[in-house]
Amino acid sequence: MNTSGSTDCSPSSARWVLLLLALLTFFSFGYRTLSTSSIWMHLASGRVIAQDGRPQQDPFAFTTDATRPWINSNWLYDWGVFKTWSSTGASGVVILHALLGLLAFVLALRTTRLPLSHPACAASLLLGGWLIAPVFQSNPLLPALFFMGLFLYVLTHHGGANRAWLILIPAQILWTQMHGTFMVGPVLTALFVLQAWMAQRRSESGAHAFRPLATLAVTLLVVTMLNPYGLGLHRYVLGTLTNPQLGVLIEWISPFQSEFAAAWPRHASTLALILVAGGFIFIRDRLPLAIALCAVAGAFLIVSSPRYAALSGLLVTPFVALSLAGLSRVLLQSFEEQPALAQRLGRVTFGILVAVGLFTVFFLASNRYFVVTGSASSFGSGVCTEMLPTAACERILSKPGFPDRIINLAMDGGYLAWQLPGRKVFTDPRVSVYGSQYYQGLARALLGQPESWSNLVQRWQPGAILLNGSWPGAGAALRRLADDKEWALVYFDGISSLLVRRLSENQALMDDVESRQAGLADLETARRNMATSSSALRVPALSPRLMGAGAAYLALGRVVEGKAVYDVLMPNAARYTTGWLNLGLCELQLRHTDLAIQAFQIASAQRPDAPLTWLWLGKAYELAGRPSEASAAIHKATVLNPGIAETFAQNLGTSTNQP
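Residues numbered from 1 in each chain as written. Predicted model: local features only at pLDDT ≥ 70, side-chain atom pairs only at ≥ 80, totals over all residues. Heavy atoms only, no water.

Student: Teacher, can you tell me more about the sheet that holds strand β4 (residues 496–501) here?
Tutor: Two orientations exist for strands paired in a sheet by backbone hydrogen bonds: parallel and antiparallel. The strand order β1-β2-β4-β3 describes an open sheet built from four strands, whose pairing is mixed. On the outer flanks of this sheet lie β1 (406–408) and β3 (487–492), each paired with one strand and no other. Looking at each pair of strands side by side, their axes are set apart by 20° on average, direction ignored. For β1 and strand β2 (residues 464–468), the ladder comprises three bridges, and the chain directions are parallel. Opposite asparagine 408, over in β2, you have leucine 466 as the bridge partner. (Pairing = 2+ DSSP bridges. Helix = DSSP H or I, 4+ residues; strand = E, 2+ residues; numbered from the N terminus. Axes fitted to C-alpha atoms, helices over the stretch in contact; angles between N-to-C directions.)

Student: How should I be thinking about helix α10 (residues 268–282) in this particular structure?
Tutor: With 15 residues, α10 should cover 21 Å at 1.5 Å per step; its first-to-last C-alpha distance of 20 Å lies within 8% of that length. Considered for burial, the residues of α10 that qualify are Ala268, Ala272, Leu275, Val276, Gly278 and Gly279. Angularly, the buried residues of α10 cover 165° about the axis, an arc narrow enough to put them on a single face. Across from the buried face of α10, at angles greater than 90 degrees, the exposed residues are Ile274 and Ile281. (Expected span 1.5 Å × (residues − 1). Buried < 20%, exposed > 50% of the residue type's maximum accessible area, 1.4 Å probe, protein only. Arc of directions from axis to C-beta.)

Student: What's the story with a nonpolar patch on the surface in this structure? I'm lost.
Tutor: On the surface, Leu194, Trp197 and Leu293 cluster together into a nonpolar patch covering about 230 Å² of accessible area. Among the secondary structure elements, tryptophan 197 is positioned in helix α7 (residues 184–201). Take tryptophan 197: its relative accessible area is 34%, and that puts it in the partly exposed class. (Patch = residues over 30% accessible without salt bridge, like charges linked within 9 Å, V, L, I, M, F, W, Y side chains within 5 Å. Areas by Shrake-Rupley, 256 points an atom, 1.4 Å probe, with all protein chains shown as cover. Salt bridge = Lys/Arg side-chain N within 4 Å of Asp/Glu carboxyl O.)

Student: What is the right way to look at the nonpolar core in this model?
Tutor: A general tendency of soluble globular proteins is for nonpolar side chains to be buried together. With 137 residues, the main nonpolar core has Leu145, Leu397 and Phe402 as its most contacted residues. Tallying contributions element by element places helix α3 (residues 75–109) first for this core, with 17 residues. When sequence neighbours within four positions are dropped, the list of residues in contact with leucine 145 reads Ala104, Ile132, Ala310, Leu311 and Leu314. Counting residues in each nonpolar core, the second largest holds 70 residues, with Ala376, Trp471, Leu499 and Leu542 among its members. (Core = buried A, V, L, I, M, F, W, Y, C linked by side-chain atoms within 4.5 Å. Contact = heavy atoms within 4.5 Å.)

Encoded structure:
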């Protein structure tokens, strides 16, 4: 296949500048503060492995079966990330993962045999960054992506040669200990076996690689058995793929990402699909079969679910580069008789790519990407402590005599295991250990479903409950528990709400005014910082503390405090649809009808398929004496969901008559 860069009319130095900009841009997507809950469980597990060896049973939760073996498919990654953290802290962990992601995509691009300086490589790298951005977090998938890129590169350039064996066998062994995608290694090799077989049938060059590649594929499959769990690991991975109970996502971009209006960066996947389809038109030479099949698989994953964004991005990126190179070749050939026009087109294309790269770096470094997409991260290499019960652990959970059994949500479990290693947790983000029904049952119990709550209390006899304000149901659960005379709220800082049983042994905790005031002081500090920290160059990161506090205050009926929170939050989180709805509810209860209407209008415009927003807008119109507009809004909600509209009308006495 002719993949030379001869069709590119850009100066050599300019091409290298563009490549360096694309590399910097891609790295910038991963250079973000740690905000996901899973990293803390990996650190806690890595510490246990480093100190005591790999545990046979779960050492973290008091709710898991002590006799059931724990298959930790990430055990080597856990050990490695703990060692990295111990040596370099959060900065080293963030930078390492960003580099692994970048290396994975660079290696994948080398399968095209295009020079890396070709503008098509820079353009596909820019697009790949946007594709992987939603899930470009520090987690074991990034080492897995690196191994995928390494496999693609080695198989393309070395086939079944001895060098490939020397590289891929150790890589496969390491991959098997780090992530459940390890079977992708033999699968990728099988694709190259198929490619070599097709070449053999056509008597083309490379046909001699068929037998060595087939032997390598079988060997790679065999060495996946070199893990502490043997075939048990394979059964576990297969179970995670086929068991619907393990399909739940604890978080994608962040726990409250679903409460934000859909943002324009999501269209990167649509562009990738168009370019993959275009490759079958613009690539005039014979398609590289393995790369083409990877692109088809990646396109399928893009359509299937956003949870596969990283994997699909890596698989389609080489083919996207070939597609763009093919398109540029077609365009240049059409301008053969107009060289000046071809050069002008090349300069315009180069300028557009540079502008996209510079815009992307600014969009990331100024925090605008994270705010627009609803991510709790910000640009940098630290930790988003506002997502964590850090202060609650330091001020009250670590006190002697605090109840041993705490009901906690999954997003807090890993951090509690890391920060309080002597205390076992109720649950954590390990979906494969608990399953979706467990999390759903906990949510029902905390929200007051009688049978679920009764079973929870009777079985586990909890002495305390820790709620994370980033959970959408935290406000309602806090309101229910605060109204229950059995429980007392002893600490609140916006992100963490801590309640204990009203027992004599907990009296000191209930009398701890100093800790309560410190939590409220943290909340007030966050509110002041949000009100004063905005600038033209860098916007403040989203504040999980304020988002949790606003929902909690509204649920507790403290609408003055809730409005004060949303008044400083919403100017910096304009796409936070739930925030606009909650601000409208605060204004409505304060009888600021016109302001409530404005907030509801923004929320309904951002999420026109949400019936509850239209119902509240109709109620506000009704109170403002605008009956025709009220009727139209309620009609819209009734069309969207008649059941919700009817329940709303019964509870609030709003008319559901058609206009």
